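Observations on chain architecture
Here are the chains, one letter per residue:
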Amino acid sequence: AQKVTQAQTEISVVEKEDVTLDCVYETRDTTYYLFWYKQPPSGELVFLIRRNSFDEQNEISGRYSWNFQKSTSSFNFTITASQVVDSAVYFCALSRRDDKIIFGKGTRLHILP
Amino acid sequence: DTGVSQDPRHKITKRGQNVTFRCDPISEHNRLYWYRQTLGQGPEFLTYFQNEAQLEKSRLLSDRFSAERPKGSFSTLEIQRTEQGDSAMYLCASSLGEGGTAYEQYFGPGTRLTVT
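Remember, predicted model here, so these are calculated numbers, not experimental data.

Our focus in this paragraph is the overall build of chain A. Along chain A, the regular secondary structure elements total zero helices and 12 strands. Across chain A, helices and strands are ordered from the amino to the carboxyl terminus as β-β-β-β-β-β-β-β-β-β-β-β. Computed over its C-alpha atoms, the radius of gyration of chain A comes to 14 Å, within 12% of the 13 Å expected for a compact globule of 113 residues. Looking at chain A as a whole, 45% of its 113 residues qualify as buried. Sequence-distant contacts, at least 24 apart, represent 54% of the contacts inside chain A between residues at least 6 apart. Taking the average location of the 13 positive side-chain charges in chain A and that of its 14 negative ones, the two points are 5 Å from each other.

All names here are of chain A. Across the eight residues that make up strand E10 (residues 88-95), a large majority, eight, are buried. Neither face of E10 is left uncovered, since the one carrying Ala88, Tyr90, Cys92 and Leu94 and the one carrying Val89, Phe91, Ala93 and Ser95 both have all their residues buried. Looking at chain direction, E10 and strand E12 (residues 107-112) are connected through three bridges and run antiparallel. By the bridge assignment for E12, Val89 is matched with Arg108. In terms of strand pairing, E10 meets strand E11 (residues 101-103) through three bridges, oriented antiparallel. From the neighbouring strand, Ser95 faces E11, where its bridge partner is Ile101.

Okay, the state of the cysteines next. Residue and element names in this part refer to chain A. Summed over all chains, the structure comprises two disulfides over all chains. Residue pairing for Cys23: its cysteine sulfur links by disulfide to Cys92, the two sulfurs lying 1.9 Å apart. Looking along the S-S bond of the Cys23-Cys92 disulfide, the torsion reads about -65°, which is the left-handed sense. Taken together, the positions of Cys23 in the loop between strand E3 (19-21) and strand E4 (24-26) and Cys92 in strand E10 put the pair 69 residues apart, joining distant regions of the chain. For the residue pair Cys23 and Cys92, the accessibility class agrees, reading buried in each case.

Before going further, it helps to examine the nonpolar core. Soluble, globular proteins show a tendency: their nonpolar side chains are buried together. Counting 23 residues, the largest nonpolar core has Trp36, Phe75, Phe77 and Tyr90 of chain A as the members making the most contacts within it. Elements that contribute at least two residues to this core include exactly strand E2 (10-14), E3, strand E5 (33-39), strand E8 (64-69), strand E9 (74-79), E10 and E12 of chain A. If one sorts the elements of this core by residue count, E10 of chain A sits on top with four residues. Apart from the residues within four sequence positions on either side, Phe77 of chain A is in contact with Val19, Thr20, Leu21, Trp36, Leu48, Tyr64, Ser65, Trp66 and Tyr90 of chain A. If you look at the next biggest cluster of nonpolar residues, it comprises 19 residues, including Val19, Leu32, Leu113 and Val115 of chain B.

With that settled, the discussion passes to the interface of chain B and chain A. Each side of the interface is counted separately: chain B has 23 residues, and chain A has 17 residues. With both sides pooled, the region where chain B packs onto chain A buries about 1800 Å², and carbon together with sulfur makes up 51% of that total. Applying the counting rule to chain B against chain A returns one salt bridge. Close ionic contact of Glu56 of chain B with Lys100 of chain A constitutes a salt bridge, the shortest N to O distance being 2.7 Å. At the junction of chain B and chain A, the tally comes to four residue pairs in polar contact (both at pLDDT 80 or more). Among the elements of the structure, strand E4 (31-37), strand E5 (44-50) and strand E9 (88-95) of chain B are those that each provide at least two residues to the side of chain B that touches chain A. Top contributing element to the side of chain B that touches chain A by residue count: E4 of chain B, with four residues. Tallied by class, residues from the side of chain B that touches chain A come to 10 nonpolar, nine polar and four charged.

About the cut-offs
Residues numbered from 1 in each chain as written. Chains lettered and ligands numbered in written order. Predicted model: local features only at pLDDT ≥ 70, side-chain atom pairs only at ≥ 80, totals over all residues. Heavy atoms only, no water. Helix = DSSP H or I, 4+ residues; strand = E, 2+ residues; numbered from the N terminus. Rg over C-alpha atoms; globule rule 2.2 N^0.38 Å. Buried < 20%, exposed > 50% of the residue type's maximum accessible area, 1.4 Å probe, protein only. Contact = heavy atoms within 4.5 Å. Lys, Arg positive; Asp, Glu negative; His and termini not counted. Charge placed at Lys NZ, Arg CZ, Asp CG, Glu CD. Pairing = 2+ DSSP bridges. Disulfide = S-S within 2.5 Å. Core = buried A, V, L, I, M, F, W, Y, C linked by side-chain atoms within 4.5 Å. Buried area = accessible area lost by both parts, 1.4 Å probe. Salt bridge = Lys/Arg side-chain N within 4 Å of Asp/Glu carboxyl O. Polar contact = N/O pair within 3.5 Å; in protein donor to acceptor, adjacent residues only side chain to side chain. Nonpolar A, V, L, I, M, F, W, Y, C, P; charged D, E, K, R; others polar.

Here it is as structure tokens:
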């Protein structure tokens, strides 16, 4: 069975601090995809990143970075120099190749001015 | 194309009534997915289509729920005899699907259902 665990239910940090959102996944598949989505207060899910199971390279996109470690089944997300606009619920998710997505329960991030 | 659209955005209905939601995917996308999200939870998969074929249904999709995608374009999700437990955000997503190189699912804004 596939499962995604986001142990941090809610995090609050002061603006400009760095923050890391944890994600641990379970799957028996050798080929799978990991995702992060952002859900701002408006409610729409915004795609942030997709990684496949064969690519463990870390990725950086502006203030966002992702650390994928198969050895620990983790796919953590770091926001550097956080901004108030980063306040949202962030979901880590897992899927097989172009299959349904299994979402974690999300981490609500508050960036305080 | 401006992305996945859903209609209506909000629906309030009385228990026992039937409701129908519509989803228009990104035009070149073959796959269409329905998810349900309740307060404080992540989205949960309901069903998905490859063109007009419904390929998988979750156990969450009771016999009161039915989804169609008759011409492989837009899809409808109908809930019959609504119950208060059906209150949730219903999300639609689409992807390029089979033959595509990208497996990102792009989500619509959702339909928020409130059953009173």
